[in-house]
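Secondary and tertiary structure notes
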Amino acid sequence: MSPRRVTLADVAKAAGVSRPTASLVLSGRGRELRISEDVEQRVLRAADELQYRPNIVSVGLRTGTSRTIGFVSDTVATSRLAGDMIKGALEAARDRGFMLFIGETEGDAELERLLLQAMHDRQVDGLILASMFTRTIKVPKSVKPMPSVLLNALPKQPAALPAVLPDEVEAGRVAARALLDAGHRDGIYLIGAGPRMRDVPPGSVAAVERLVGIREALGEADVKVAGGRTCPDWQPEYGLTATRELLRTVRPRALICFNDRIAMGAYQALDDAGLKVPDDVSVVSFDDHPIASWIRPKLTTVALPHYELGRRAVDVLFTEIDGDPAASDRKGDVHRVPMPLRARESVAPPRGAAGSGAGSS
């Protein structure tokens, strides 16, 4: 049998005061209502000795807030790569004295419905609906009655919900500039998506936005994308195959890989062909997955800011919870979080002549 919960009445009895007096002291209103310091100290001492904890449900009923936030994701909670997204949200919530309730759907629509209902039943003050990969989602109807934010996701249909996303377009520019700053002007190929805007994996928001940024930065420098290979999935084996196919016809001077796993496969293909990174071919990528610092030479990559994304989602959510008048004029805003460059060892100035076939796709 579990021990009985210590109640406010227990504290009042131990302190020798009435229950309303104990309540006023513990709510921080004792001095305001001229309760003596002696009585205040007796109540606080009794609460400490009895290890009294207020009933959060009762407090919520009185104040209209549960001091909790719901965080419902697809696979974020069990993903090592995006664990910092949870950490950022947890710490931002804790800084405000709020708890985070975390649920994971694993992509199951029925489980998502049940988790959202559970969040409503627990009267959370706001909700973050998160995705592991940047994508468009159908916003469940049950999200809309409460303050809510989309994290790493955009609504498929117009919705008056703010969204927090990594700044993928600027990340594409940053990746391209890393090569331009090293002196690359030709023989730049893309692995994972491109070279045309329609050459992207289905449903990949990141692919489209990264490609836009790459093309913009190269275009501003009057440099053309030499060509590219689209990968159906951004895993090492597809990067290996795509790079091998590319090397059959051209000798690239630089590769922009659309994520670090693709880059890992590209490294293998280059090594198999007797080409060294970065002496023969420079490589730049995205995400800052742990493999970027494991492989040799260490990979220059544009980092996904998972921790900052989690914190920003909570910050944006609180503008909704607090009823900021300006926030109502910005319903549906997209908040972009910068993606910093992690400059390592895989980019160097070009040397030698461009291989035949440069400019083909």
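What you see is a predicted model; the values in this text were computed from it and never measured.

A word on the packing of helix H1 (residues 8-15) against helix H2 (residues 19-26)
- In the contact formed by H1 and H2, the axes pass within 8 Å of each other and the chain directions differ by 100°. As summarised for this structure, H1 and H2 are arranged roughly perpendicular, according to the angle between their axes. Between H1 and H2, the residues in contact are Leu8, Ala9, Val11 and Ala12 and Arg19, Ala22, Ser23 and Leu26, respectively.
- Residue composition of the contact of H1 with H2, by class: six nonpolar, one polar and one charged.

Looking at the pattern of salt bridges
- In total, this model carries 18 salt bridges according to the counting rule given.
- Of the charged contacts in the structure, one is a salt bridge between Arg244 and Asp272, with a shortest N-O distance of 2.9 Å. In this pair, Arg244 sits in helix H9 (residues 236-247) while Asp272 sits in helix H10 (residues 260-272), placing the two residues 28 residues apart along the sequence.
- Taking the relative accessible area as the measure of exposure, Arg244 reaches 39% and is therefore partly exposed.
- Linked by salt bridges that have partners in common, Glu170, Arg173, Arg177 and Glu216 make up one network.

Digging into the sheet that holds strand S5 (residues 163-166)
- Pairing in this open sheet of six strands is parallel, and the strands run S2-S1-S3-S4-S5-S11 from one edge to the other. Both edges of this open sheet fall to strand S2 (99-104) and strand S11 (334-337), since each of them pairs with a single strand only. For this sheet the average axis-to-axis angle between neighbouring strands, irrespective of direction, equals 25°.
- In this structure, strand S1 (residues 68-73) lies alongside strand S3 (residues 126-137), joined through five bridges in parallel fashion. In the strand pairing of S3, Gly70 is matched with Leu127.
- Helix H5 (residues 83-95) rests against S1, S2, S3 and strand S4 (148-155) of the sheet, and its axis sits at about 155° to S2.

A look at the packing of aromatic side chains
- Scanning the entire structure with this criterion turns up three aromatic pairs.
- Summarising the aromatic geometry, the rings of Phe98 and Phe318 are spaced 4.9 Å apart at their centres and angled 90° between planes, so their arrangement reads as edge-to-face. Placement of Phe98 in the loop between H5 and S2 and of Phe318 in helix H12 (residues 306-321) is noted, with a sequence separation of 220 residues between them.
- Assessed through its relative accessible area of 10%, Phe98 is described here as buried.
- Judged by its relative accessible area of 6%, Phe318 falls in the buried class.
- Pairing Trp234 with Phe258 gives two aromatic rings, centres 5.8 Å apart and planes at 50°, and the pair type is tilted. Remark: Phe258 occurs in the loop between strand S8 (254-257) and H10 and Trp234 occurs in the loop between strand S7 (227-230) and H9; sequence separation between them is 24 residues. You'll find Trp234 and Phe258 in the same group, each marked buried.
- Among the aromatic residues, those joined into a cluster by ring pairs are Trp234, Phe258 and Phe286.

Some details on the pairing of strand S6 (residues 188-192)
- In terms of residue burial, S6 counts as a mostly covered element, since five of its five residues are buried.
- Where S6 lies against S8, four bridges are found, and the strand directions are parallel. Bridge assignment links Leu190 to a residue of S8, and that residue is Ile256.

What about the side chain of Thr134?
- Mapped onto the secondary structure, Thr134 falls in strand S3.
- By relative accessible area, which is 10% here, Thr134 ends up buried.
- At 2.7 Å, the side chain of Thr134 and the side chain of Asn152 are in polar contact.
- Not counting residues up to four positions away in its chain, the partners in contact with Thr134 are Asn152, Leu165, Pro166, Glu168, Val205 and Ala206.

Concerning the environment of Met146
- If you trace the backbone, Met146 turns up in the loop between S3 and S4.
- Here Met146 falls in the buried class, since its relative accessible area comes to 11%.
- Sequence-wise, Met146 and Gln123 are 23 residues apart; in three dimensions their C-alpha atoms are separated by 9.5 Å.
- Dropping the residues within four chain positions of it, Met146 is found in contact with His120, Val124, Gly126 and Leu127.

Structural notes on the sheet that holds strand S12 (residues 341-342)
- Pairing is mixed across the open sheet formed by six strands, whose spatial order is S7-S6-S8-S9-S10-S12. Here the strands that pair on one side only, and so sit at the sheet edges, are S7 and S12.
- One ladder, built from three bridges, connects S8 with strand S9 (residues 282-287); its direction is parallel. Across the sheet, the residue bridging to Ile256 is Val284, located in S9.
- Running at roughly 160° to S9, helix H7 (residues 168-181) makes contact with S6, S8, S9, strand S10 (300-303) and S12 of the sheet.
- Sheet strands in contact with H10 are S6, S8, S9 and S10, and its direction is about 160° off that of S9.

Digging into the nonpolar core
- With 50 residues, the main nonpolar core has Leu255, Ile256 and Val283 as its most contacted residues.
- Where this core is concerned, the elements lending two or more residues are H7, S6, helix H8 (205-220), H9, S8, H10 and S9.
- Of all the elements, H7 adds the most residues to this core, at seven residues.
- Look past the residues within four positions of Ile256 in its chain and what remains in contact with it is Ala175, Ala176, Leu179, Ile188, Tyr189, Leu190, Ile191, Ile214, Val284 and Phe286.

So, how was this worked out
- Think of each chain on its own: its residues are numbered from 1, step by step along the sequence as written.
- Given that the model is predicted, a residue must reach a pLDDT of at least 70 before its local features are reported, and side-chain atom pairs must reach 80 or more before they are shown or counted; all residues, however, enter totals for whole chains, interfaces and linings.
- With hydrogens and water excluded, all non-hydrogen atoms of the structure serve as input to the side-chain values.
- Interaxial angles span 0 to 180 degrees and are taken between N-to-C directions of axes, which are lines fitted to C-alpha atoms, for helices over the stretch in contact.
- Runs of H or I in DSSP of at least four residues are treated as helices and runs of E of at least two as strands, each being numbered from the N terminus.
- Should an angle fall under 35 degrees it is called roughly parallel, over 145 degrees roughly antiparallel, and 65 to 115 degrees roughly perpendicular, with every other angle called oblique.
- Contacts are assigned to residue pairs that have any heavy atoms within 4.5 Å of one another.
- The nonpolar class holds Ala, Val, Leu, Ile, Met, Phe, Trp, Tyr, Cys and Pro. Asp, Glu, Lys and Arg form the charged class, and all remaining residues, Gly among them, are polar.
- What counts as a salt bridge is simple: a side-chain nitrogen of Lys or Arg found within 4 Å of a carboxyl oxygen of Asp or Glu.
- Any residue under 20% of the maximum accessible area for its type is buried, any over 50% is exposed, and the rest in between are partly exposed; the area is computed with a 1.4 Å probe on protein chains only.
- When DSSP finds at least two bridges between two strands, those strands are taken to pair.
- Working definition: a ring pair exists when centres of Phe, Tyr or Trp rings (six-membered ring for Trp) sit within 6.5 Å. Plane angles under 30 degrees give stacked, over 60 give edge-to-face, the rest tilted.
- Identification of polar contacts relies on pairs of N or O atoms within 3.5 Å, with a donor-acceptor requirement for protein atoms, meaning one able to donate a hydrogen and the other able to accept it, and with residues adjacent in sequence counted only if both atoms are side-chain atoms.
- Throughout this description, the term nonpolar core refers to a set of buried Ala, Val, Leu, Ile, Met, Phe, Trp, Tyr and Cys residues connected via side-chain atoms within 4.5 Å.

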